[in-house]
Amino acid sequence: MTTLAQLKAGQLAGITRLDLSCGLTEFPREIFELADTLEILNLSGNALSRLPDDLHRLPHLRVLFCSDNAFTELPTCLGQCAKLSMIGFKANRISQVPAAALPPQLRWLILTDNCIRQLPEALGERPLLQKLMLAGNQLEQLPRSLAQCHNLELIRIASNRLTHLPDWLLSLPSLTWLAYAGNPVEMAVQVQADDTTPNIPWGELALADVLGEGASGVIHKALWKPQALPVAVKLYKGTITSDGSPLHEMQACIAAGRHPNLIKVQGRVVGHPDDQAALVMDLIEPSYRNLAALPSLASCTRDIYAPDTRLSVDVALRIARGIASVAAHLHRHGITHGDLYAHNILWNATGDCLLGDFGAASFHAVADTVETRALQRIEVRAFGVLLGELLERIEGEPVDAALVALQARCCQPDVLARPGFEEIEALLHAICNFD
């Protein structure tokens, strides 16, 4: 981490990214001395409540992070920054978002975990808007102008006060990843309780190494002592994430039930000394690995694959068929995953795969209504993106024209004209000719 002393001493000339987290209460004016090169400015984790009116003096600024500060209003100076495209003000105390605060090149806006009740109509007048993170606010409605945002692909509106999902939202031609759990519209859905999931006392578990940590919790390797069984234990955090509530994620994991392409839930943990929520799950074999990495600042909504990721036709199709099958299973149970991405897929060399991370999952009615079909077909577009990525990485073999046509159908702009996952499963079965 760069130090304030280095900045004040003039030792950072020529840098393109500056990260400062040192209890700042005022914006250091020395930052303007970096104006010729600075593109990414991260001031998260300070005590800032305002930015200078002349912030536009940083003409190359593209990315600004000011999360975990003390802002109560999104600064209007942002709107004067000609190249600013990514703004992150998560976990402040923001209640006001002026139209003047939205820069013309806005592509990615993060306002998670604030106190926002209303957004300006000007938000829909930003044609490049692609990613919108609004979970954990007090929104009762969304600006109708967002219907104009034909490039908008990812919306996180979980844990707000929305009583319905507007028709225009469900017909956005590029919308691919939608999370809306924890709103009245979603909580009104009757979720079938899974009474078969056993309770596992905390005292029966011996935790070992940390296997991984995400926004919603920490996963440990553990031993379930009475069964002498190595397992994974996920301890859930209580804070709002960019996707929504971690406890809602736990509920969705349980409601999803059993499927060969899901990580098996062994039970809920009870009796944790701090009453922390946790699940016991199967321990994944070490041969499995993530199919891709998270999107970057540049790719915005697209995963990053290792340059050497190459697949045979058989492996690519096995992955595609497995994900289509588990997505169909979830939809039959009234669940949209909300984050159907390669970075949430574990796979091995033979194409066996597991879909994980239910942090963006939402419940919907199982009745065949226009709204249900639209919600499911939004997720079909996510599958279409994934299928396209898999097809791009097939090496040394021709790609069946039927797969290319299926991928195009899944991503077509007319939401309700996309196929459902049961049809996709049948098409892939015919193409793969699997038993």
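None of these values were measured; they are calculated from a predicted model.

Moving on, we come to helix α5 (residues 313-332). The first and last C-alpha atoms of α5 sit 28 Å apart over 20 residues, in line with the 28 Å expected at 1.5 Å per residue. Most of α5 is tucked away, with 16 of its 20 residues classed as buried. Positive phi shows up at G334, right after α5, with a value of about 75°.

Moving on to the pairing of strand β14 (residues 278-282). Burial analysis of β14 places 4 of its 5 residues in the buried class, the great majority of the element. Bridging between strand β12 (residues 229-236) and β14 involves 5 bridges; their strand directions are antiparallel. When the bridges of β14 are listed, V231 appears paired with D282. Taken together, the 3 bridges between strand β13 (residues 265-270) and β14 define a ladder with antiparallel strand orientation. Paired with G267 across the two strands is V280, which belongs to β14.

As for its placement among the helices and strands, T197 is situated in the loop between α3 (184-187) and β9 (199-201). Residue class for T197 comes out buried when judged on its relative accessible area of 10%.

One open sheet accounts for 6 strands, arranged β9-β13-β14-β12-β11-β10; its pairing is mixed. Looking at strand neighbours, the two that pair on one side only are β9 and β10 (205-213), the edges of this open sheet. Going across the sheet, the axis of each strand differs from the next one's by a mean of 35°, ignoring polarity. Lying on the sheet, helix α4 (residues 246-255) is in contact with β12, β13 and β14; it crosses β12 at an angle near 140°.

About the criteria used
- Residues numbered from 1 in each chain as written.
- Predicted model: local features only at pLDDT ≥ 70, side-chain atom pairs only at ≥ 80, totals over all residues.
- Heavy atoms only, no water.
- Helix = DSSP H or I, 4+ residues; strand = E, 2+ residues; numbered from the N terminus.
- Expected span 1.5 Å × (residues − 1).
- Buried < 20%, exposed > 50% of the residue type's maximum accessible area, 1.4 Å probe, protein only.
- Pairing = 2+ DSSP bridges.
- Axes fitted to C-alpha atoms, helices over the stretch in contact; angles between N-to-C directions.
- Contact = heavy atoms within 4.5 Å.

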